[in-house]
Amino acid sequence: MYIFPVNFQPKTYTLQPRVNFRGRLEKDVVNFSKKEFLTLPPKEIWARIKASLSNAKNFIGKGGEAKVWKIEGTNYCIRIVYDAVINQNLKPDFNISEKDKVNHVVAKFDDDFTIMPVIEGVTFYSNKINNDKVASIVENMPQEAFDRLFLQVYHAEKIGMKFDSGPCNIIINPEELTMTAIDFSELVLSTSMMSRILWSLVPQYISNEAQVKHCAGRIMLALLTALNSGCDIDLGVCGISRFIDSVVDNKNYARILKNEFEKISNGEASITGSEKVIRAVVRQLFFDS
């Protein structure tokens, strides 16, 4: 499922030129810490939450299981499962599991009420910005944004939390030059991890063929960067073979890409040599044509 529509405090953005920056590849691009709000007595926390729920401007979006609201005067939002009943005696629990952290949870009252940081940015199908503008923002993101998004999703999938593909499930922030995946679950999904990233960034009926090719090439290069950086990457978790089959029509080029990625993963060949081959093929297939 995906949250539809989503408006995570969108701003008016102007497209920036592509820039290159270097930085450590983090498991999650969202950093947060407990703020004063979460140290208040439980009844005061609930009073703030209830006040926020009474103002329609604080509504962020909804999915198949819950609604999400911004909590006024804070940098947090609350996810409330449908038909949940507020119990003001519940206290926030900060002992968050690794699987909850994947979904950016910082505190829970129980499974029906979870607190998360507000993630600024835009998504497709927002009522604050049109889809063509979002597609242009994605296209102008630096490669490092794709690299970080790839690792965020990969580390989640490695512990069994699958990224649920959807046009509102990646928040794009052109000011911070970040893309953040927000919807993970333990569902069994048939599509490959890399394909789910792709189709969230180039949604059907919105994106054209050139945008799909461009984004597919960027995601493939993100895998290459992860392998070259020394990360322990399982190609099976990535679904690289199925991804290549879905985006590469030429069987000879598909075979070359699969072989070179396998060589790097298995340590069977020079990374430099295989990297040159992969980059040359990706450039020809996705960027030059």
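That block above? That's the structure.
As the structure is a prediction and not an experimental result, all values here were calculated from the model.

### Thoughts on the packing of aromatic side chains
One pass over the structure, following the stated rule, counts six aromatic pairs. Plain terms: the ring middles of Phe-37 and Tyr-76 are 6.2 Å apart, the flat faces sit at 35 degrees to each other, and that makes the pair tilted. One end of the pair, Phe-37, is in the segment before helix 1 (42-53); the other, Tyr-76, is in strand 3 (residues 76-81), with 39 residues separating them in the sequence. Three or more aromatic residues joined by ring pairs make a cluster, and in this case those are Trp-46, Phe-109 and Phe-113.

### Details of the nonpolar core
If you look at the biggest cluster of nonpolar residues, it comprises 60 residues, and the most contacted ones within it are Phe-150, Met-220, Leu-223 and Phe-261. The element contributing the most residues to this core is helix 6 (residues 209-228), with 11 residues. Every residue in contact with Met-220, bar those within four places of it in the chain, is listed here: Met-194, Ile-240, Phe-243, Ile-244, Val-247, Leu-257, Phe-261, Val-282 and Phe-286.

### Some remarks on the sheet that holds strand 1 (residues 59-62)
Here five strands make up an open sheet; going across it, the order is 1-2-3-5-4 and the pairing antiparallel. Strands at the two margins of the open sheet, each flanked by one partner only, are strand 1 and strand 4 (107-110). Neighbour-to-neighbour, the strand axes of the sheet open up by a mean angle of 20 degrees, direction not taken into account. Bridge count between strand 2 (residues 66-70) and strand 3: five bridges; the pairing is antiparallel. Note that in strand 3 the partner of Lys-70 across the bridge is Cys-77.

### A short note on helix 4 (residues 143-158)
Taking 1.5 Å per residue as the helical rise, helix 4 with its 16 residues ought to reach 22 Å, and the 22 Å between its terminal C-alpha atoms agrees with that figure. Taking burial as the measure, the 16 residues of helix 4 include 14 buried ones, the bulk of the element. Just beyond helix 4, the residue with positive phi is Gly-160, at close to 90 degrees.

### Regarding the environment of Gly-273
Relative to the helices and strands, Gly-273 resides in helix 10 (residues 271-288). Note: C-alpha distance between Gly-273 and Glu-260 (13 residues apart in sequence) is 9.0 Å.

What counts and how
Residues numbered from 1 in each chain as written. Predicted model: local features only at pLDDT ≥ 70, side-chain atom pairs only at ≥ 80, totals over all residues. Heavy atoms only, no water. Phe/Tyr/Trp six-rings, centres within 6.5 Å; stacked < 30°, edge-to-face > 60°. Helix = DSSP H or I, 4+ residues; strand = E, 2+ residues; numbered from the N terminus. Core = buried A, V, L, I, M, F, W, Y, C linked by side-chain atoms within 4.5 Å. Buried < 20%, exposed > 50% of the residue type's maximum accessible area, 1.4 Å probe, protein only. Contact = heavy atoms within 4.5 Å. Pairing = 2+ DSSP bridges. Axes fitted to C-alpha atoms, helices over the stretch in contact; angles between N-to-C directions. Expected span 1.5 Å × (residues − 1).

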